[in-house]
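Take a look at the letters that make up each chain.
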Amino acid sequence: MGKAFESIQQGLTEAIGHAKGTQAGVKVWQPAAVDVAAVRGRLGFSQAQFAARFGVSVATLRHWERGDRSPQGPALVLLNLIDRDPAGVLRALA
């Protein structure tokens with residue numbers, strides 16, 4: 001088989017190992033859950049201000065705050081950063 005097949009096969013093997021949790025040397029970082037309403041409250045932003053400042057829809061923000069949905073993936077990472085260093089995130093986005 002060609003190089004393309006070998007590359008695809010290796011990627012699939014790694015993905016399967018990752019999904020099973022058996023991939024050697026792979027450490028998955030799971031961001032901590034964030035109380036979005038508390039973070040927004042500490043910043044003193046309205047829902048509209050927070051949503052606009054950090055690039056999420058107001059509807060999504062409301063779902064997070066009510067607990068209908070939980071932030072996932074990159075949104076959860078961003079919320080963790082905002083929670084830990086809001087001034088730093090605001091400076092980076094300025």
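Quick summary incoming for the structure in this document. Quick caveat: nothing in here was measured; it's all calculated off a predicted structure.

**A short note on the pattern of salt bridges**
Now for step 1: The tally for this structure, following the rule as stated, stands at three salt bridges.
Now for step 2: A salt bridge links R42 to D83, with the nearest nitrogen and oxygen atoms 2.3 Å apart. Here the residue R42 occupies a position in helix α2 (residues 36–43), and D83 occupies one in helix α5 (residues 73–84), the gap between them amounting to 41 residues.
Now for step 3: With relative accessibility at 31%, the residue D83 sits in the partly exposed group.

**Things to note about the packing of aromatic side chains**
Now for step 1: Tallying each qualifying case throughout the model produces two aromatic pairs.
Now for step 2: Taken together, the ring pairs in this structure connect F45, F50 and F54 into an aromatic cluster.

**Observations regarding the packing of α2 against helix α3 (residues 47–54)**
Between two packed helices, what matters for the description is the angle formed by their axes and the separation of those axes.
Now for step 1: Remark: α2 packs on α3, axes separated minimally by 10 Å, with the N-to-C direction vectors making an angle of 95°. When the interaxial angle is binned, α2 and α3 end up roughly perpendicular. When α2 is examined against α3, the residues V36, V39, R40 and L43 are found in contact with a partner set consisting of Q47, F50 and F54.
Now for step 2: Taken together, the residues of the contact of α2 with α3 break down into five nonpolar, one polar and one charged.

**Side note on the nonpolar core**
Now for step 1: If you look at the biggest cluster of nonpolar residues, it comprises 13 residues, and the most contacted ones within it are V36, F50, F54, L61, L79 and I82.
Now for step 2: Of all elements in the fold, only α2, α3, α4 (58–66) and α5 reach the threshold of two or more residues within this core.
Now for step 3: Apart from residues lying up to four places away in sequence, L79 is in contact with V34, V36, F50, W64 and P71.

**Section: the environment of A48**
Now for step 1: You can see A48 is positioned in helix α3.
Now for step 2: Sequence separation between A48 and L61 is 13 residues; the distance between their C-alpha atoms is 8.9 Å.

**Remarks on the environment of V28**
Now for step 1: Within the secondary structure layout, V28 lies in the loop between α1 (3–20) and α2.
Now for step 2: Taking the C-alpha atoms as reference, V28 lies 25 Å from E6; in sequence the two are 22 residues apart.

Rules of the game
Residues numbered from 1 in each chain as written. Predicted model: local features only at pLDDT ≥ 70, side-chain atom pairs only at ≥ 80, totals over all residues. Heavy atoms only, no water. Salt bridge = Lys/Arg side-chain N within 4 Å of Asp/Glu carboxyl O. Helix = DSSP H or I, 4+ residues; strand = E, 2+ residues; numbered from the N terminus. Buried < 20%, exposed > 50% of the residue type's maximum accessible area, 1.4 Å probe, protein only. Phe/Tyr/Trp six-rings, centres within 6.5 Å; stacked < 30°, edge-to-face > 60°. Axes fitted to C-alpha atoms, helices over the stretch in contact; angles between N-to-C directions. Parallel < 35°, antiparallel > 145°, perpendicular 65-115°, else oblique. Contact = heavy atoms within 4.5 Å. Nonpolar A, V, L, I, M, F, W, Y, C, P; charged D, E, K, R; others polar. Core = buried A, V, L, I, M, F, W, Y, C linked by side-chain atoms within 4.5 Å.

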